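Here is what each chain is made of, one letter per residue.
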Amino acid sequence: MESWTFEAIGTAWQIDTQAPLAPEVRDLVADRIERFDRDWSRFRDDSFVSAVAREAGDRELPEDAESLFDFYTDLHEVTDGAVNPLVGRALSDLGYDAGYSLTPSATPTAPTSWSTIDWGGADAQRRLRTDEPMLIDVGAAGKGLLVDHVASILWAEGLRQATVDAGGDLYHCGTTPIRVALEHPHDPTKALGVVELEPEDALCGSATNRRAWGDGLHHVLDARTGRPTTDVVATWVLAPQSCMLADGLATAHFFAEPERLLERWHHQFVRMHADGRVVWSPDLQGEVFA
Amino acid sequence: MRLPKTRQILAATAAASALLMTAACGSDESSASDTASPAPAASDASDTAADDTAAAGDYADGTYEAEGSYTNPGGQSSVAVSLTLEDGTVTAVEVTPEASGTSLQYQQKFASGIADEVVGKALDEVSVSKVSGSSLTSGGFNAALEQIKSEAQA
């Protein structure tokens, strides 16, 4: 097996294939990631997100906006507002800013409700109209969507055996399943459990232990308060055919009851609470080492 | 308005039975016939004014609501059925899978999916090709974090 590793959009990527990836395929992947980054990164000045953060305006939506905003609209609703892409300002105020200051600069506040934002919704003409600067952070679903895009490129290039891994967010294509350990949030040398990814399954994990930079400061914010959430400390979601779905639901599981999410989306989950309690799907393709 | 027994309504309407099958995800071939059979599998959530004398096909106009249950491999599930009759003809049928049924089924199986504490196993004891946890962070974040830590110690 061959692995291509690189860093992009703030995480470590690894693409496993049977044979080394041709340079032109690597270029396609790199170009796609660059396009995504130029639209959605809040860590670079020339992105769409940075433009929206600088001033109010009426803007054409970039590529992927409809997929992301539609999904965020659902996530916002099902979590009663806890998941909201406008949480970027609060993240930045807490120190997770474009300069990685990791020093809180202001008391975070709850962002404007996503449901009040005018981005066209179901209308044919979709534009984002904002009447004040807003900092969008698509961290809850963007990486998963990009993993889906990369997996699609590999498929289109005829690669039938590939695993795309963006810092633990996975999309697996092939003919045989792979086994994936769920890293114990309190001890990275241990596995909390193991899941088996069938071909065309995606798996995403989210935990508050790593993107953390101070006492109680981590990247999973409750948009209703603008502050880091505390009840759930780690989640994993396995979803068929969509890493974006797995990614977004992994965030939603910090806030919504599993029943509510299971009723709406076909997926499996594992989640660990701050008190050590672990809850998982009854039909989990795998095992939790309880 | 008379509210005939659930099973009678359902037996009288092939359309409702067909929809019930759909609502049950086809997981159990017998679901529709069970619901419509004389031995009622249907629960009686809305069965408040049963009229045993009503013969099949002899119903007053109006909207009837009932709850049907069926057995699937995961246990009991329910669907709500709303059906409108005009001149003895069904003009509208609405079948809604009920959250309570899904949740109940979910909860029945859920008991096995909870643990107060999970110690875990050493990674080298489990044969895996990947590890998934909190997303690995990039060099930029890590470098910044190290700097913050060293400044805090200084």
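Structure's up top.
Every value quoted in this text rests on a predicted model; they were computed, and no experiment measured them.

Of the regular secondary structure elements, chain A holds seven helices and 17 strands. On chain A, roughly 11,300 Å² of surface is accessible, and the fraction owed to carbon and sulfur atoms is 47%.

Residue and element names in this part refer to chain A. Of all five residues in strand E6 (residues 169-173), five are buried; the element is thus mostly enclosed. Across the two faces of E6 the burial is the same, with Asp169, Tyr171 and Cys173 and Leu170 and His172 all buried. Both strand E5 (residues 162-166) and E6 contribute to a ladder of five bridges, which runs antiparallel. Across the sheet, the residue bridging to Val164 is Tyr171, located in E6. Linking two consecutive strands that pair antiparallel, namely E5 and E6, is a turn of two residues; a positive phi of about 60° is found at Gly167 within it.

Take the sheet that holds E5(A) next. Here nine strands make up an open sheet; going across it, the order is E1(A)-E2(A)-E5(A)-E6(A)-E9(A)-E14(A)-E15(A)-E16(A)-E4(B) and the pairing antiparallel. Of all strands in the sheet, those bounded by a partner on one side alone are strand E1 (2-8) of chain A together with strand E4 (114-115) of chain B.

Attention now goes to unusual backbone geometry. Even without being glycine, Leu102(A) reaches a positive phi, approximately 50°. Residue classification places Leu102(A) among the buried positions, given a relative accessible area of 4%.

This next bit is on the packing of helix H3 (residues 65-78) of chain A against helix H6 (residues 243-252) of chain A. All names here are of chain A. For the pair H3 and H6, the least separation of the axes is 11 Å and the interaxial angle reads 30°. Put simply, H3 runs roughly parallel to H6. Pair H3 / H6 crosses with right-handed handedness. Residues Ser67, Leu68, Phe71 and Leu75 of H3 form the contact with H6, whose own contacting residues are Met244, Leu245, Gly248, Leu249 and Ala252.

Reading the values: the criteria
- Residues numbered from 1 in each chain as written.
- Chains lettered and ligands numbered in written order.
- Predicted model: local features only at pLDDT ≥ 70, side-chain atom pairs only at ≥ 80, totals over all residues.
- Heavy atoms only, no water.
- Helix = DSSP H or I, 4+ residues; strand = E, 2+ residues; numbered from the N terminus.
- Areas by Shrake-Rupley, 256 points an atom, 1.4 Å probe, with all protein chains shown as cover.
- Buried < 20%, exposed > 50% of the residue type's maximum accessible area, 1.4 Å probe, protein only.
- Pairing = 2+ DSSP bridges.
- Axes fitted to C-alpha atoms, helices over the stretch in contact; angles between N-to-C directions.
- Parallel < 35°, antiparallel > 145°, perpendicular 65-115°, else oblique.
- Left-handed = near helix turned anticlockwise from the far one by under 90°.
- Contact = heavy atoms within 4.5 Å.

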